[in-house]
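In case you want the letters, here they are:
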Amino acid sequence: MTIFNTGMTRRTFLQVTGAGVVTATALGGSALRANAAAYEKFTWISPRGTLEVLDDYPYWAAKKMGYFGDLPTDMQPGPSDGTATVKFVDVGQADMGFPSPGIFSFALQNGMKLKSVFHMGARDTFSIAFRKGEGMADLKGLEGKTMLLGSAAWQAITDPMLAAQGVDVTKIKYVEAGWPTWGTALAGGQGDAALSWEGLRAEWIATGLKFDYWLGVQKSKLPANTFVVRAADLEDPDKKAFLEQYLRGWAMGLEFGHQNPRAAVEAVFEQFPAFAKNTGPELGTTSLLEQDNVFRGDMDKRGGWGWHDMSSWQQFFDLTLKLGQIKEPVKAEDVCTNDLIKGANDFDHAKVKADADAYKLTDAFAAIDVENVRAHMFDDAV
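These notes cover the structure that comes with them. (Residues numbered from 1 in each chain as written. Predicted model: local features only at pLDDT ≥ 70, side-chain atom pairs only at ≥ 80, totals over all residues. Heavy atoms only, no water.)

**Structural notes on the packing of aromatic side chains**
Right, so step 1: One pass over the structure, following the stated rule, counts 34 aromatic pairs.
Right, so step 2: Ring geometry for phenylalanine 98 against phenylalanine 227: centres 5.1 Å apart, planes inclined by 80°, an arrangement best described as edge-to-face. On the criterion of sequence distance, the pair formed by phenylalanine 98 in the loop between strand S4 (96-97) and helix H4 (101-109) and phenylalanine 227 in strand S11 (residues 227-230) is long-range, its members being 129 residues apart. The pair phenylalanine 98 / phenylalanine 227 is uniform in exposure class, with both members buried. (Phe/Tyr/Trp six-rings, centres within 6.5 Å; stacked < 30°, edge-to-face > 60°. Helix = DSSP H or I, 4+ residues; strand = E, 2+ residues; numbered from the N terminus. Buried < 20%, exposed > 50% of the residue type's maximum accessible area, 1.4 Å probe, protein only.)

**So, the nonpolar core**
Right, so step 1: With 117 residues, the main nonpolar core has Phe118, Ile128 and Tyr246 as its most contacted residues.
Right, so step 2: Among the elements that take part in this core, helix H9 (residues 237-259) stands out by supplying nine residues, more than any other.
Right, so step 3: Setting aside anything within four residues of it in sequence, one finds phenylalanine 118 in contact with Thr226, Phe227, Leu247, Ala251, Leu254, Trp305, Gly306, His308, Ile341 and Ala344.
Right, so step 4: Of all hydrophobic cores here, the second largest spans five residues; its members include Leu289, Ile368, Val370 and Met377. (Core = buried A, V, L, I, M, F, W, Y, C linked by side-chain atoms within 4.5 Å. Contact = heavy atoms within 4.5 Å.)

**As for the side chain of glutamine 291**
Right, so step 1: With respect to the helices and strands, glutamine 291 occurs in helix H12 (residues 281-296).
Right, so step 2: Judged by relative accessible area, glutamine 291 falls into the buried class, the value being 2%.
Right, so step 3: A polar atom in the side chain of glutamine 291 sits 3.4 Å from the backbone nitrogen of aspartate 55.
Right, so step 4: Leave out the neighbours within four places in its chain, and glutamine 291 touches Leu54, Asp55, Tyr57, Glu198 and Gly199. (Polar contact = N/O pair within 3.5 Å; in protein donor to acceptor, adjacent residues only side chain to side chain.)

**Description of unusual backbone geometry**
Right, so step 1: Looking along the chain, the bond that leaves tryptophan 179 and enters proline 180 is cis, with omega of 0°.
Right, so step 2: Along the polypeptide, proline 180 turns up in the loop between strand S8 (173-176) and helix H6 (182-187).

**Quick word on the pattern of salt bridges**
Working definition: two side chains of opposite charge can pair if their charged atoms are close together.
Right, so step 1: Taken as a whole and assessed by the stated rule, the structure comprises 17 salt bridges.
Right, so step 2: Among the ionic pairs, aspartate 95 bridges to arginine 230, the shortest N-O distance being 3.0 Å. Taken together, the residues span a long stretch of sequence, with aspartate 95 in the loop between helix H3 (84-91) and S4 and arginine 230 in strand S11 at a distance of 135 residues.
Right, so step 3: With a relative accessible area of 12%, arginine 230 lands in the buried category.
Right, so step 4: We note a salt bridge from arginine 374 to glutamate 371, for which the minimum N-O separation is 3.5 Å. (Salt bridge = Lys/Arg side-chain N within 4 Å of Asp/Glu carboxyl O.)

**Some words on empty space enclosed by the protein**
Right, so step 1: Taken as a whole and assessed by the stated rule, the structure comprises two cavities of 30 Å³ or more.
Right, so step 2: The computed volume of the largest cavity comes to approximately 270 Å³.
Right, so step 3: Sort the elements by how many residues they give to the lining of the largest cavity and H12 lands first, with three residues.
Right, so step 4: Looking at the lining of the largest cavity residue by residue, the class counts come to twelve nonpolar, six polar and three charged.
Right, so step 5: Of the voids in this model, the second largest cavity is the one considered here, and its volume is about 80 Å³.
Right, so step 6: Considering the residues around the second largest cavity, the lining is formed by Ser100, Pro101, Gly102, Asp124, Phe126, Ala156, Ile157, Pro160, Met161, Leu222, Pro223 and Phe316.
Right, so step 7: Among the secondary structure elements, those contributing two or more residues to the lining of the second largest cavity are H4 and helix H5 (155-164). (1 Å grid on protein atoms, 1.4 Å probe; cavity = no way out; pocket = protein on both sides within 12 Å on 5 of 7 lines; lining within 4 Å. Points joined across faces, edges and corners; volume = space filled by probe spheres on them. Nonpolar A, V, L, I, M, F, W, Y, C, P; charged D, E, K, R; others polar.)

**Examining H4**
Right, so step 1: Counting buried residues along H4, eight of its nine residues qualify, which places the element largely inside the surrounding structure.
Right, so step 2: Residues of H4 that are buried: Pro101, Gly102, Ile103, Phe104, Ser105, Phe106, Ala107 and Leu108.
Right, so step 3: Of the residues trailing H4, glycine 111 is marked for its positive phi of about 80°.

**Topic: the packing of H4 against helix H13 (residues 310-323)**
Right, so step 1: Viewed as axis vectors pointing N to C, H4 and H13 meet at an angle of 65°, and their least axial separation amounts to 11 Å. In the packing of H4 onto H13, the handedness of the crossing is right-handed. Contacts between H4 and H13 involve Pro101, Gly102, Phe104, Ser105 and Leu108 from the former and Trp313, Phe316, Phe317 and Thr320 from the latter.
Right, so step 2: A class-by-class count of the residues in the contact of H4 with H13 yields six nonpolar, three polar and no charged. (Axes fitted to C-alpha atoms, helices over the stretch in contact; angles between N-to-C directions. Left-handed = near helix turned anticlockwise from the far one by under 90°.)

**Section: the packing of helix H2 (residues 57-65) against helix H10 (residues 261-271)**
Right, so step 1: Two numbers describe how H2 lies on H10: the axes approach to 8 Å, and their chain directions differ by 85°. If you check the angle between H2 and H10, you find them roughly perpendicular. Counting all contacts with H2, which are made through Tyr57, Trp60, Ala61 and Lys64, the residues of H10 involved are Ala264, Ala267, Val268, Glu270 and Gln271. (Parallel < 35°, antiparallel > 145°, perpendicular 65-115°, else oblique.)

**Side note on the environment of valine 335**
Right, so step 1: The residue valine 335 is located in helix H14 (residues 332-335) in this model.
Right, so step 2: The spatial distance from the C-alpha of valine 335 to the C-alpha of aspartate 138 is 32 Å, given a sequence separation of 197 residues.

**Some points on the pairing of strand S2 (residues 42-45)**
Right, so step 1: Along S2, one buried face is formed by Phe42 and Trp44 and the opposite face, lined by Thr43 and Ile45, is buried too.
Right, so step 2: In terms of strand pairing, S2 meets strand S3 (residues 73-76) through four bridges, oriented parallel. By the bridge assignment, isoleucine 45 is partnered in S3 with glutamine 76. (Pairing = 2+ DSSP bridges.)

Now the structure itself:
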């Protein structure tokens with residue numbers, strides 16, 4: 001385990017990203033892509049170091065249902081270092097990343113010309129896990145205590161979230177407990193709390209990790225993870241059209257998962273049999289429902305799947321400026337765009353619903369009572 005101080009500098013950021021860089025060959029390409037008129041293969045890179053999670057269910061559901069058509073799509077786990085998802089996009093080793101707002105702000109601070117085009121996390125997905133009986137509703141109680149993270153880069157996530165709750169983040173001691181062991185470290189008595197997120201809560205239960213949680217989805221107004229691309233790609237008409245079509249596939253996958261969450265879990269389980277065996281239908285459904293709640297947000301107030309609430313993003317950038325995570329003010333409208341959202345949501349919603357309704361579930365999934373699962377999603381909240 002590595003103990004580190006609060007206040008991640010540019011030098012620290014570059015050291016962290018440098019440690020996790022892999023070659024383009026490992027991501028499925030032989031060299032950095034030139035700015036061609038179209039993508040030979042469009043690569044999306046995870047911020048987690050793995051694809052064996054339920055977080056990306058819209059992609060697997062959309063792929064199974066044919067919603068991407070003949071687009072050349074690719075998914076890659078990338079290194080477990082949380083900053084790789086922006087760095088790889090910046091240098092052309094991937095085409096779209098899925099950073100948290102904190103990692104996105106660090107990318108901007110470090111001169112990466114990236115833009116958010118599809119805001120997945122309409123509600124704050126992040127949470128703080130505590131050992132059973134040790135949970136706290138007022139996070140100021142964390143001052144002077146130790147927070148466990150899977151990657152040092154995740155401090156960019158926790159500092160704004162804690163500061164927004166009135167916590168003096170200089171009084172938090174962060175410990176990098178490693179991926180994927182930071183939750184196990186908390187359960188084993190190391191540290192006082194750990195970063196978690198929606199979807200992961202259910203997956204942790206599947207591995208025997210049972211915690212109490214302060215839930216950002218209930219108590220935070222900050223945005224969560226988003227899809228980013230190189231800003232220059234939006235200036236290329238062919239690439240912009242491709243991106244709109246690609247995001248339409250994700251939006252259709254999100255809609256399909258909302259209409260039939262169990263079917264979307266099955267799509268993920270078909271891709272990753274070992275993950276399916278370890279998680280099971282009920283906890284898989286729980287994980288997806290937690291994330292559907294985050295991804296959908298208050299849809300009546302949104303312009304569709306992926307729509308950015310600029311006021312929420314501006315609040316975040318203002319907060320990170322105050323914390324010193326960024327050195328210059330950022331205007332949300334300059335780095336986030338809703339230009340692709342109308343096109344991404346321009347699909348036959350009735351057909352997707354019909355597809356979801358017609359999907360024949362396996363017996364194991366048909367036995368899951370979705371509404372009962374939904375009713376108990378927040379039983380561990382403090």
